[in-house]
Protein chains: 2
Amino acid sequence: MYRSHTNGELRIEDINKEVTLCGWVQKSREMGAMTFVDLRDRYGITQLVCGEELLKIAKDLGREDVIQVTGKVIERESKNKNIPTGEIEIAVQSITVLNKSKTPPFTIEDNTDGGEELRMQYRYLDLRRKPLQEALKLRHKLSIEIRKYLDSINFFEIETPYLIKSTPEGARDFVVPSRMNPNQFYALPQSPQTFKQLLMVSGYDRYYQIVRCFRDEDLRADRQPEFTQIDCEMAFVDQEDILNTFEAMMVHLFQITKGIEFDSFPRMSYADAMENYGCDKPDIRFGMTFNYINEVVKNKGFAIFDDAESVIAIVAEDCSTYTRKELDKLVDFVKRPQIGAKGLIYVKCNEDGTFKSSVDKFYSEEDLKAWADKCGAKAGDLILVLSGDKTATQNQMNTLRLHLGNELGLRNPNIYAPLWVYDFPLLEWDEESGRYHAMHHPFTSPKKEDIGLLDTDPGKVRANAYDLVLNGTEIGGGSIRIHDRAVQSRMFDLLGFSKDEAQAQFGFLMNAFEYGAPPHGGIALGFDRLCALFGGQETIRDFIAFPKNNNGRDVMIDSPSPISKEQLEELNIDIIKKEVV
Amino acid sequence: MYRSHTNGELRIEDINKEVTLCGWVQKSREMGAMTFVDLRDRYGITQLVCGEELLKIAKDLGREDVIQVTGKVIERESKNKNIPTGEIEIAVQSITVLNKSKTPPFTIEDNTDGGEELRMQYRYLDLRRKPLQEALKLRHKLSIEIRKYLDSINFFEIETPYLIKSTPEGARDFVVPSRMNPNQFYALPQSPQTFKQLLMVSGYDRYYQIVRCFRDEDLRADRQPEFTQIDCEMAFVDQEDILNTFEAMMVHLFQITKGIEFDSFPRMSYADAMENYGCDKPDIRFGMTFNYINEVVKNKGFAIFDDAESVIAIVAEDCSTYTRKELDKLVDFVKRPQIGAKGLIYVKCNEDGTFKSSVDKFYSEEDLKAWADKCGAKAGDLILVLSGDKTATQNQMNTLRLHLGNELGLRNPNIYAPLWVYDFPLLEWDEESGRYHAMHHPFTSPKKEDIGLLDTDPGKVRANAYDLVLNGTEIGGGSIRIHDRAVQSRMFDLLGFSKDEAQAQFGFLMNAFEYGAPPHGGIALGFDRLCALFGGQETIRDFIAFPKNNNGRDVMIDSPSPISKEQLEELNIDIIKKEVV
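Worth saying up front: this structure is predicted, and the values here are computed from it rather than measured. (Residues numbered from 1 in each chain as written. Chains lettered and ligands numbered in written order. Predicted model: local features only at pLDDT ≥ 70, side-chain atom pairs only at ≥ 80, totals over all residues. Heavy atoms only, no water.)

### Comments concerning the overall build of chain A
Link 1 in the chain: When its secondary structure is counted, chain A shows 17 helices and 23 strands.
Link 2 in the chain: Over its C-alpha atoms, taken along the principal directions, chain A stretches across nearly 90 × 75 × 55 Å.
Link 3 in the chain: In chain A, which comprises 581 residues, the proportion classed as buried is 58%.
Link 4 in the chain: Considering only intrachain contacts with a sequence separation of at least 6, the fraction spanning at least 24 residues in chain A is 65%.
Link 5 in the chain: In the form shown here, chain A has an accessible surface area of approximately 24,100 Å², with 47% of it arising from carbon and sulfur atoms.
Link 6 in the chain: Treating the 72 positive side-chain charges of chain A as one cloud and the 92 negative ones as another, the clouds have centres 3 Å apart. (Helix = DSSP H or I, 4+ residues; strand = E, 2+ residues; numbered from the N terminus. Buried < 20%, exposed > 50% of the residue type's maximum accessible area, 1.4 Å probe, protein only. Contact = heavy atoms within 4.5 Å. Areas by Shrake-Rupley, 256 points an atom, 1.4 Å probe, with all protein chains shown as cover. Lys, Arg positive; Asp, Glu negative; His and termini not counted. Charge placed at Lys NZ, Arg CZ, Asp CG, Glu CD.)

### What to know about the domain arrangement of chain A
Link 1 in the chain: As assigned here, chain A comprises domain 1 (12–99), domain 2 (134–268 + 419–543) and domain 3 (286–411).
Link 2 in the chain: Inter-centroid distance (C-alpha atoms) of domain 1 of chain A to domain 3 of chain A is 62 Å. (Domains from an automatic or database assignment.)

### A few points about the UniProt feature "binding site: ATP" (unreviewed entry) in chain A
Link 1 in the chain: Look at the UniProt record and you will see "binding site: ATP" (unreviewed entry) annotated at R215, D216, E217, Q224, E474, G526, F527, D528 and R529 of chain A.
Link 2 in the chain: Along the chain, D216 of chain A falls in the loop between β9 (206–214) and β10 (226–235).
Link 3 in the chain: Dropping the residues within four chain positions of it, D216 of chain A is found in contact with R172, D173 and F174 of chain A together with R179 and L571 of chain B.
Link 4 in the chain: Along the chain, E217 of chain A turns up in the loop between β9 and β10.
Link 5 in the chain: For E217 of chain A, a relative accessible area of 25% gives the class partly exposed. (UniProt positions renumbered as here; feature names shortened; annotations may be inferred.)

### Things to note about the environment of P168 of chain B
Residue and element names in this part refer to chain B.
Link 1 in the chain: One can find P168 in the loop between β6 (156–157) and β7 (175–177).
Link 2 in the chain: The class of P168 is exposed, set by a relative accessible area of 54%.
Link 3 in the chain: Between the C-alpha atoms of P168 and E501, which are 333 residues apart in sequence, the distance is 9.6 Å.
Link 4 in the chain: Excluding residues within four positions of it along the chain, P168 makes contact with F497 and Q505.

### Some remarks on the relation of the copies chain B and chain A
Two chain copies here: they are related by a rotation about an axis and a translation along the same axis.
Link 1 in the chain: For the match of chain B to chain A, the screw axis carries a shift of 0.0 Å, the RMSD comes to 0.1 Å, and the turn is 180°. This pairing of chains is accounted for by a two-fold axis.
Link 2 in the chain: With an isologous cut-off of 70% or more, the 100% of interface residues of chain B that recur at the interface of chain A puts this contact in the isologous class. (Least-squares fit on C-alpha atoms with pLDDT ≥ 70 in both.)

### A closer look at the confidence of the model for chain A
Link 1 in the chain: For chain A, the mean per-residue pLDDT works out to 95, and 99% of the residues sit at or above 70.
Link 2 in the chain: Scoring the predicted complex yields pTM 0.95 and, for the interface, ipTM 0.95. (pLDDT = per-residue confidence, 0-100.)

### Some remarks on the packing of aromatic side chains
All names here are of chain A.
Link 1 in the chain: In the structure shown here, the tally under the stated rule is 55 aromatic pairs over all chains.
Link 2 in the chain: Between Y363 and W371 the ring centres are 4.9 Å apart and the planes differ by 70°, which places this aromatic pair in the edge-to-face class.
Link 3 in the chain: Residue classification places W371 among the buried positions, given a relative accessible area of 0%.
Link 4 in the chain: Through a chain of ring-to-ring contacts, three or more aromatic side chains come together here, namely F254, F262, F265, Y416 and F534.
Link 5 in the chain: Against the face of F286 rests R401, its NZ or CZ located 4.0 Å from the ring centre. (Phe/Tyr/Trp six-rings, centres within 6.5 Å; stacked < 30°, edge-to-face > 60°. Lys NZ or Arg CZ within 6 Å of the ring centre and 35° of its normal.)

### Looking at unusual backbone geometry
Link 1 in the chain: P560 of chain A follows S559 of chain A through a cis peptide bond whose omega is 0°.
Link 2 in the chain: Its location among the elements puts P560 of chain A in the loop between α16 (527–534) and α17 (565–570).

### Let's talk about the interface of chain B and chain A
Link 1 in the chain: Chain B puts 129 residues into the contact, and the matching count from chain A is 129 residues.
Link 2 in the chain: Surface buried jointly by chain B and chain A totals about 11,600 Å² across both partners, of which 57% is contributed by carbon and sulfur atoms.
Link 3 in the chain: Ranking the residues of chain B by area buried against chain A places R42, F236 and Y515 of chain B at the top, with a combined share of 8%.
Link 4 in the chain: Here chain B and chain A share 16 salt bridges between them.
Link 5 in the chain: The partner of K102 of chain A in a salt bridge is E514 of chain B, with the nearest N and O atoms 3.2 Å apart.
Link 6 in the chain: Where chain B meets chain A, there are 78 residue pairs in polar contact (both at pLDDT 80 or more).
Link 7 in the chain: Top contributing element to the side of chain B that touches chain A by residue count: helix α4 (residues 130–152) of chain B, with nine residues.
Link 8 in the chain: Here the side of chain B that touches chain A is built from residues that sort into 66 nonpolar, 27 polar and 36 charged. (Buried area = accessible area lost by both parts, 1.4 Å probe. Salt bridge = Lys/Arg side-chain N within 4 Å of Asp/Glu carboxyl O. Polar contact = N/O pair within 3.5 Å; in protein donor to acceptor, adjacent residues only side chain to side chain. Nonpolar A, V, L, I, M, F, W, Y, C, P; charged D, E, K, R; others polar.)

### Topic: the sheet that holds strand β1 (residues 18–31) of chain A
All names here are of chain A.
Link 1 in the chain: In space, the five strands of this closed barrel follow the order β1-β2-β3-β5-β4, with mixed pairing throughout. For this sheet the average axis-to-axis angle between neighbouring strands, irrespective of direction, equals 55°.
Link 2 in the chain: Bridge count for strand β4 (residues 66–75) against strand β5 (residues 88–99) is ten bridges, and the pairing is antiparallel. By the bridge assignment for β5, I67 is matched with V97. (Pairing = 2+ DSSP bridges. Axes fitted to C-alpha atoms, helices over the stretch in contact; angles between N-to-C directions.)

### A short note on the pattern of salt bridges
All names here are of chain A.
Link 1 in the chain: For the coordinates displayed, the defined rule picks out 99 salt bridges over all chains.
Link 2 in the chain: E64 is the partner of R128 in a salt bridge, and the nearest nitrogen-oxygen pair spans 2.8 Å. Separated by 64 residues along the polypeptide, R128 in the loop between α3 (123–126) and α4 (130–152) and E64 in the loop between α1 (55–59) and β4 bring together distant segments of the chain. The same class applies to R128 as to E64, namely buried.
Link 3 in the chain: Among the ionic pairs, E116 bridges to R541, the shortest N-O distance being 2.7 Å. Here E116, found in helix α2 (residues 116–121), pairs with R541, found in the loop between α16 and α17; they are 425 residues apart in sequence, far enough to count as distant.
Link 4 in the chain: Residue classification places E116 among the partly exposed residues on the basis of a relative accessible area of 41%.

### A few points about the environment of Q255 of chain B
Residue and element names in this part refer to chain B.
Link 1 in the chain: Tracing the sequence through the fold places Q255 in helix α6 (residues 239–258).
Link 2 in the chain: Through-space distance from the C-alpha of Q255 to that of L98 is 42 Å; in sequence the pair is 157 residues apart.
Link 3 in the chain: Here Q255 is in contact with I260 and E261, once residues within four sequence places are set aside.

### Description of the side chain of S479 of chain B
All names here are of chain B.
Link 1 in the chain: As for its placement among the helices and strands, S479 is situated in strand β21 (residues 473–480).
Link 2 in the chain: Residue classification places S479 among the buried positions, given a relative accessible area of 0%.
Link 3 in the chain: Here the side chain of S479 touches R481 through a polar contact of 2.7 Å, side chain to side chain.
Link 4 in the chain: With residues up to four places along the chain from it excluded, the contact list for S479 reads H440, H441, T444, N464, A465, Y466, G521 and G522.

### Details of the packing of α4 of chain A against α16 of chain A
Residue and element names in this part refer to chain A.
Link 1 in the chain: Running from N to C, α4 and α16 cross one another at 115°; their axes reach a closest spacing of 10 Å. With respect to the hand of their crossing, α4 and α16 are arranged in right-handed fashion. Residues L138, R139, L142, S143 and I146 of α4 lie in contact with α16, whose contacting residues are F527, D528, L530, C531 and F534.
Link 2 in the chain: Counted by class, the contact of α4 with α16 contains seven nonpolar, one polar and two charged residues. (Left-handed = near helix turned anticlockwise from the far one by under 90°.)

### Thoughts on the sheet that holds strand β13 (residues 310–316) of chain B
Residue and element names in this part refer to chain B.
Link 1 in the chain: Taken together, the five strands give an open sheet; going across it, the order is β12-β13-β16-β14-β15, and neighbouring strands pair in antiparallel fashion. Looking at which strands have only one partner, the edges of the open sheet turn out to be β12 (291–292) and β15 (355–357).
Link 2 in the chain: With two bridges connecting them, β12 and β13 associate as antiparallel partners. Bridging from a neighbouring strand, N291 pairs with A313 of β13.

### Digging into helix α7 (residues 270–277) of chain B
Given 3.6 residues to a turn, an α-helix orients residues that are three or four positions apart in the same direction.
All names here are of chain B.
Link 1 in the chain: Within α7, burial applies to Y270, A273, M274 and Y277. In a view along the axis of α7, the buried residues occupy a sector of 105°, so they form one face of it.
Link 2 in the chain: Residue G278 follows α7 closely and has a positive phi angle near 65°. (Arc of directions from axis to C-beta.)

### What about the pairing of strand β10 (residues 226–235) of chain B?
Residues and elements named next belong to chain B.
Link 1 in the chain: For β10, a buried count of ten out of ten residues is recorded, marking the element as mostly surrounded by other parts of the structure.
Link 2 in the chain: Residue alternation in β10 divides its side chains into two sets, E226, T228, I230, C232 and M234 and F227, Q229, D231, E233 and A235, and both sets are buried.
Link 3 in the chain: Two elements, strand β9 (residues 206–214) and β10, share nine bridges in a ladder whose sense is antiparallel. Its bridge partner being in β10, Q209 is matched across the sheet by D231.

The following block contains the structure:
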């Protein structure tokens, strides 16, 4: 046994005990003939006191050295109330250096001086920092609680394969050449979708899995090529059952890990979300919902509004005092190419009851008062207006609203506002490919009452699909699935599959539907994102032990990397262009 | 809500309740105007009684149809004591067919009439059978218990990446071409070995993960290209700590899932295991250990024994009555090419005190009595003797011993005999490549007292490595790791790595050792195998929801499969030989 106790364990009750501790030197300082060392491990920090007889060895201790000490627990003179071991210290009798450390390339402190790239390269040192240890501890705790909860309501965790089959639908697959089956490839799963459906066909009734998924997409900020999903499926359920089941799970998680009590989560249709927030994952921690003011602004000679499909206004409360400079910055913001608005109209609802706008030339005070009434703006508020095509304007206004939410401090990461969004469209038209795509995935069932529209107006068909949104981020989504061969087949038609393609790719699933498939549905929650949100952080990277950078590289192990000619030959593959810029 | 209760739930106390049930038609039979239907789901079977008014619909019900019924719980006239719901039945008021089933290609019964290939193709139907449902339920339960146990002793489950780096050591990697990093490949992990070691360097202290691992090996019977491992690592431990920790976990698992109590597991050195069982994973459910009888058999004119390095005898108790035919079958068995013995000598220790052997020409009764004394054989026993090179003879005798164990019913799958094997050699010489290979892996630490031998006689160096063996199957293995850069570097030398290769492949780990790496070690247990053994089965296939066949194929989804030209081009790879036989 290397140690008798950890560094988070000893208390005033342990005084006079002979102990052996191990850990890392957090820091050491000399005071006269004495050396004080903070010894750290995952469990805490214990102060060591080394007398004159240990001066030589204690003096040589450097940060991050790994040591083993034996000594006696004594009461501390100047107690540290900030740590649980702060009332005691160890009068050290002997020190063994188990492993010296070079000087780390950055400080191992809560706030480090290391840059992003350096910390990724030395991830094993970054992972020593307390914020990251807390993040991974929270992740562990959440996974334990999720499993405990789902186990208690009869879900089985069932592992599904990672070497599966490439499918043309959805995002790009990572593929794996097969040596035993030359010219053929496995794919890594983007999700275990078809397998969990088959498990329902097999009668497993309630399935879950905390499972890795893979997408070979160009990585936007805060996406990872491999990510973890809480993947769930239930048989003999409708949408209401799923929402209730997983809402209860989330309520439990909030309660047990954050101490926050929720009665129930609000629900909003996709149509309402788009109309009021211009977005299918609204952040409802704050209001500032959309007002469509076409009627009150039209026919006053302001051509831009007269010609616009939609004129949308939001109200920033208590912002009528915004300066010219602040307003110009907002105008610049919405004109940025990635947002693409042509301009931004404002109306200040002054405290004295007067109005001041950027379109005073066209609108009288009375006109502006009508706008304010329409928007529910009160004295002291600022009205911001965008106009143009409806969808584009909704998008732009959504971005502006979130931007203002950030600026005004309305998006506090310690406030949690979950929301169900439901009644998503089944299909979306893709101009580029000139065909419909599945908005969720091809296995999502259309609403019974909309099934007639599949033949007449497919774009109007609503799906039994739903998302769980938390603070403006989608943390999960799911649907009631198709369980009927004919409907599934029709769905593949609509998505542009030929009968042969559909059979080749998903024949196993359609066949399975012919052998007694129960009604079923499910949900998948993004576990990395959930951990980050529960940890009050916006980025997932610190909640993943060994993440990849934005080029999909692990810079610590330097992967991906070339493989040998022999490996390629064995796999019967070759590289096309040897030289890559 | 599709149902008010499951089919395993209703009891005599529920009589007169109006209920709605869903499930699969297990079977139905008509008795006069009544139809009795067994309705099945994961939770059990409930008997339905349909009266005359439902005759038409009930008559049409076929096996595996999915139905929903409403009705009233009534007491059964002829009670079925074999099932928990056997005291009640449902007087059905209405039936809704949720989904018809075609006739399944094989019967969904405990003992099915379906062949292996057909059941793999229709895995979703095979998974409906109770033995498979029980297998996956056991797997779920074991995973829950393992996590609960490890959580209770401060282990964190930490997820490590699946897209890592190909390394030349060990088995063949599955590789994944990177689109974003052309000409470069990820590899799927054979185990998270280096990552768990880095987590120890990071101070996580106690790590575990139930994790998928991948090996692109030619599949022997009962191996899978992807398999699941219980992967564990601890810091500040020696071998004794690891053995004690995981022995306690296994004792707990045996107790909680099998109701079997173990005090502690026996331990055996690798040298003793080889000497007494000719194998590093002895099945100690039965004796029949090796006797080296060279001294008593030599110099009697029997050249084969005189020239042999080793003459090894085992005693089959109470088998002196084996017939000529039975003995010939044993001789044929050991002569099979995959075993390769030249012959088998037997001595019958007859009940009457006489001896009869296949070498009576060379040995007197007195000689044979000396053999029997040497082997501890008693009247009624059969002595079986193989001879030749020591290692080859040990191998052959191991196979014969296990064969006899099976024949004599000494390998009862419901008896559990765990065993620790320790002090494995660090290296083994590979004739083909003319160099040492790591017996466990390159990160295993040599025993301190043997470190001097690294330079003089590397093959003699023992490692701090250990295996957990259950009923003759290795279910886990691990080691105390090297945590010192110089020792790790020396190890790579011995394994034939150049300095540059070692740095390119494992530089990140050796660098990490310079920043305060604690002493650490761990173990990995094969979860698929563990489940199978706990389930009293020899093959793992039924304990994996969607296994692959011996060619690494998933015949249900027909994977691996060709991918499109566009996919290949995007990945900058091409197939070398288009035509494959």
